[in-house]
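So you can see what is in the structure, the chains are spelled out below.
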Amino acid sequence: MTGKFGLYGATALLLVSTMTATSFAQETTDSVAEETKASPLLINADELRYEDQNQTIIASGNVEIFQGDTILHADKIRYDQEKGIVTASGNIEIIEKSGNVIFADEIELTDDLKQGFVDSIQILFTNDSKFAAASGDITGDVTTLSKAVYSPCKVCAEKKNPLWQIRADKIYHDKKKKDVIYKNARFEVLGVPVAYTPYFSHPDPTVERRTGFLTPRFGSDSELGTFFTNDFYIDIDPDKDMTLSPFYSEEDGLMLGGEWRQRFEQGALKINGAGVVADRAMNDGTVDNDAFRGYLFANARVDLTDDWRGGLDVQTTTDDDFLRRYNISDEDILKSRLYVEYLNDRDYADISGYYFEDLRPESNEDAPLAVPVIQWEKYGQPGQLLGGRWVVGVDTAKLERGNDETDSFRFSTKLGWQKETFHQSGLVTSLELQNWIEGFSAQNIALEGGGTTDTDDVRVQPIGQIKARLPISKNISDTLNHYIEPTVSFTATTTNANDSVVPNEDSRETEFDHTNIFSMNRYTGRDRVETGQWLSWGVRTGLNSFDLPENDFFSFAGGEASLFLGQSYHFDNDNDFAEGSGLEDKTSDFVGNLNIRPNNVLNVDYSFRLDNQDFRARKHDVDLSLDFDGFAFNTEYLFLDNSVIFDDIEDREEITFGMDYTRLENWKFAGEYTRDLTSNGGTVDSALSITYYNECIALTLAAKRDGTDRTDISSGNSISLTLDLLSLGNTNPAVLSQDLFGEK
């Protein structure tokens, strides 16, 4: 006898056991359920029929089977309960817990949906990579595909073959280990075989990090000749990894390098470096044959408590030219630092030791060892003392050079008080008082007439400043506001506070501009301080839009524009500022800034300094950026009058252009060009890269020209090609974190 029930034009649900049936519900019920220890099958279909003679369930029309985290869709299924076999046909989709989807025409599976045989199978991963095969066997976590191909590339309607694919006699996909293994694999480009290997493996597309080779890069360089590099990434633990970076060049041979990264519960560590045995050109024209050359960079940080943290930054190299020769870094001065920091509410402390390496070829002075360098500041609560707040601070620095060169030590203490008052008229006034007590000790100080001397000195410097500003604003329309804010300050301190015998270590250059015109000391450090009395004034005016910013070049929605112009006047006939600083005369140069940001597309920032007598340009610094609909452009222009550049005899004028263009689908163009605009100038450096990318490949051709000459580096060209087959290995694997150390 055959029992049968069905619901036509509606959905029927059937809950059945994966074991042999022990009971069956009546024909008039809407579902069939059995209580067993195994996970039940939940069947959803337009029509269900049960044949109790052979214990078989037949479902047709939009069939869905739910088994744990796995869902099977098909036009028709036949479930033999006695044998525990599910046979499906027509538009089959199996959605796995991982999100991967299996497509097939016919499939035969065990009722736990974990084992079976599939005809004409395709597997689609969550990143759109896919397998396709004539047939497949599913055994637990391993799927075996016969006469199969793998590719992450899309296939266009007019093209039969993807851009690249791997074809193999057998492909084994282990879902638990997330491995893909090929037997007799052929790599094909547009359907044409270009490489063969009897064995090949890679992580499946869901893996974010796995040990293996990364993207290779090869090219040619005017200094190194032909070069090739292929990093090897090692996934050690979830909290640590390592990258080995062999680099072979025709000129220098094999350079071995690598990187170690590790996270701790309370910190992080990153070490990278490289070394090579190669010839090195010396400054005197000789060659040091088979010299060891290399570098080491390291960063370590540890959170000691909630308020204290310590760290170590290391930058060192064997010689002045190594980093530039291998395009590792363009830094001229390397800085290594050992430090402990404290930050709590309004308290800050920093205890550091610094070691510097000066890589500039024209520098003959030994870089100092600065140990210790201590900074500490503590602020009181606003209004806590006489309506204002107090501040205390300590600033020390000890510099050692050895070799009978200048050594120095400075210990500075600060006691201060500051108060800001808002008046009913809109005027804002502030009063700040400070008293500095500083001790200096220095040895082997070079004298102008020859010889050296030692010195010990104490400086006491009380200083006070009163500042007033009057912000005035007016709405000139429903969406636009105009404001103007004049500011004036008067600062007074002692005269003749600078002892010319005390070595000037931290105040050699003065950057006088709109950002420090109202500062109480416009030197960059404490070895030299501003003395006497001076008046500073300035006015800022501008427009603000109340609208939300827009990505429209011609819109001022959400935009702003501002202009500042200021100047200082020293009451003393003499001050200690160097010629060209802009502060050497009683009346300073004019300083200003113009900023225009009309929308999210355009931003222009222009800082300038004009001579106080004839308005001759002493400094121009322009930064323009444009970012609109896949096109980004920036330019930086710098002009410094020769009087501004200490120890220089001519003006400095330089311009840099940069561009990124991504408006063309699948293409990215990037370039940069820097030129020295002085009479003896020329191209400083230039670079261009062209990248083609899609869902399965990234191909980058990069070219660079360096126009500078150094002892071991001549101006010349470099060109490189990088091919990244996405999903087989990436030059930027998602490991640990993109921001390993964050801001210091």
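Computed from a prediction, not measured in an experiment: that's the story for all the values here.

Cut-offs and rules
- Residues numbered from 1 in each chain as written.
- Predicted model: local features only at pLDDT ≥ 70, side-chain atom pairs only at ≥ 80, totals over all residues.
- Heavy atoms only, no water.
- Helix = DSSP H or I, 4+ residues; strand = E, 2+ residues; numbered from the N terminus.
- Buried < 20%, exposed > 50% of the residue type's maximum accessible area, 1.4 Å probe, protein only.
- Areas by Shrake-Rupley, 256 points an atom, 1.4 Å probe, with all protein chains shown as cover.
- Patch = residues over 30% accessible without salt bridge, like charges linked within 9 Å, V, L, I, M, F, W, Y side chains within 5 Å.
- Salt bridge = Lys/Arg side-chain N within 4 Å of Asp/Glu carboxyl O.
- Phe/Tyr/Trp six-rings, centres within 6.5 Å; stacked < 30°, edge-to-face > 60°.
- Contact = heavy atoms within 4.5 Å.
- pLDDT = per-residue confidence, 0-100.
- Disulfide = S-S within 2.5 Å.

Visitor: I'd like a description of the overall build of the protein chain, backed by residues and values.
Guide: When its secondary structure is counted, the protein chain shows 1 helix and 41 strands. Classification of the 744 residues of the protein chain by burial places 40% in the buried group. Accessible surface computed for the protein chain: about 39200 Å², of which carbon and sulfur atoms make up 52%.

Visitor: An account of unusual backbone geometry is requested, with residue identities and associated values reported.
Guide: Residues Val 371 and Pro 372 are joined by a peptide bond in cis, for which omega reads -5°. In this structure, Pro 372 sits in strand 24 (residues 369–379). One non-glycine residue, Asp 290, lies in positive phi territory at about 50°. The topology assignment puts Asp 290 in strand 20 (residues 287–303). Despite not being glycine, Phe 615 has its phi angle at roughly 60°, a positive value.

Visitor: How would you summarise a nonpolar patch on the surface if you had to cite specific residues and measurements?
Guide: Together, Val 302, Leu 304, Trp 308, Val 340 and Ile 351 give the surface a local cluster of nonpolar side chains, amounting to about 380 Å² of exposed area. For Trp 308, the position within the fold is in strand 21 (residues 308–317). For Trp 308, a relative accessible area of 31% puts it in the partly exposed group.

Visitor: Give a description of the pattern of salt bridges that names residues and reports values.
Guide: The tally for this structure, following the rule as stated, stands at 46 salt bridges. Of the charged contacts, one joins Arg 616 and Asp 641 as a salt bridge, the two residues approaching to 2.8 Å between their closest N and O atoms. Linking Arg 616 in the loop between strand 34 (602–610) and strand 35 (617–628) with Asp 641 in the loop between strand 36 (631–640) and strand 37 (652–661), this pair joins segments that are 25 residues apart in sequence. Residue Arg 616 is classed as partly exposed on the basis of its relative accessible area of 38%. Look at Asp 641 and you get buried, because its relative accessible area is 7%.

Visitor: How would you explain the packing of aromatic side chains if you had to name every residue and give the values?
Guide: Within the structure shown, the criterion is met by 24 aromatic pairs. With centroids separated by 4.8 Å and ring planes inclined at 70°, the aromatic side chains of Phe 213 and Phe 232 adopt a geometry described as edge-to-face. With Phe 213 in strand 14 (residues 212–221) and Phe 232 in strand 15 (residues 225–237), the pair connects residues that are 19 residues apart, well separated along the chain. Taking the relative accessible area as the measure of exposure, Phe 213 reaches 54% and is therefore exposed.

Visitor: Talk me through the side chain of Ser 562; I want residue IDs and the actual numbers.
Guide: If you trace the backbone, Ser 562 turns up in strand 32 (residues 560–570). For Ser 562, a relative accessible area of 14% translates into the label buried. Dropping the residues within four chain positions of it, Ser 562 is found in contact with Tyr 483, Arg 540, Thr 541, Gly 542, Asn 593, Leu 594 and Asn 595.

Visitor: Outline the confidence of the model for the protein chain, supporting the account with residue identities and numerical values.
Guide: Low pLDDT marks stretches whose predicted atomic positions should not be read closely. Mean pLDDT over the protein chain stands at 86; residues scoring 70 or higher make up 89%. Confidence drops under pLDDT 50 across residues 1–38; counting only partners more than four residues distant or on other chains, this segment forms 84 contacts. Within the model, the stretch residues 731–744 combines pLDDT values under 50 with 39 contacts to residues more than four positions away or in other chains.

Visitor: Report on the state of the cysteines, specifying residues and quantitative values.
Guide: The final tally for this structure, using the stated rule, is 1 disulfide. Disulfide partner of Cys 153: Cys 696, at an S-S distance of 2.1 Å. Torsion about the S-S bond of the Cys 153 and Cys 696 cystine: about 100°, corresponding to right-handed handedness. Residue Cys 153 is located in the loop between strand 10 (142–151) and strand 11 (164–174), and its partner Cys 696 is located in the loop between strand 39 (682–693) and strand 40 (697–706); the two are separated by 543 residues in the primary sequence. When its relative accessible area of 0% is taken as the criterion, Cys 696 is described as buried.

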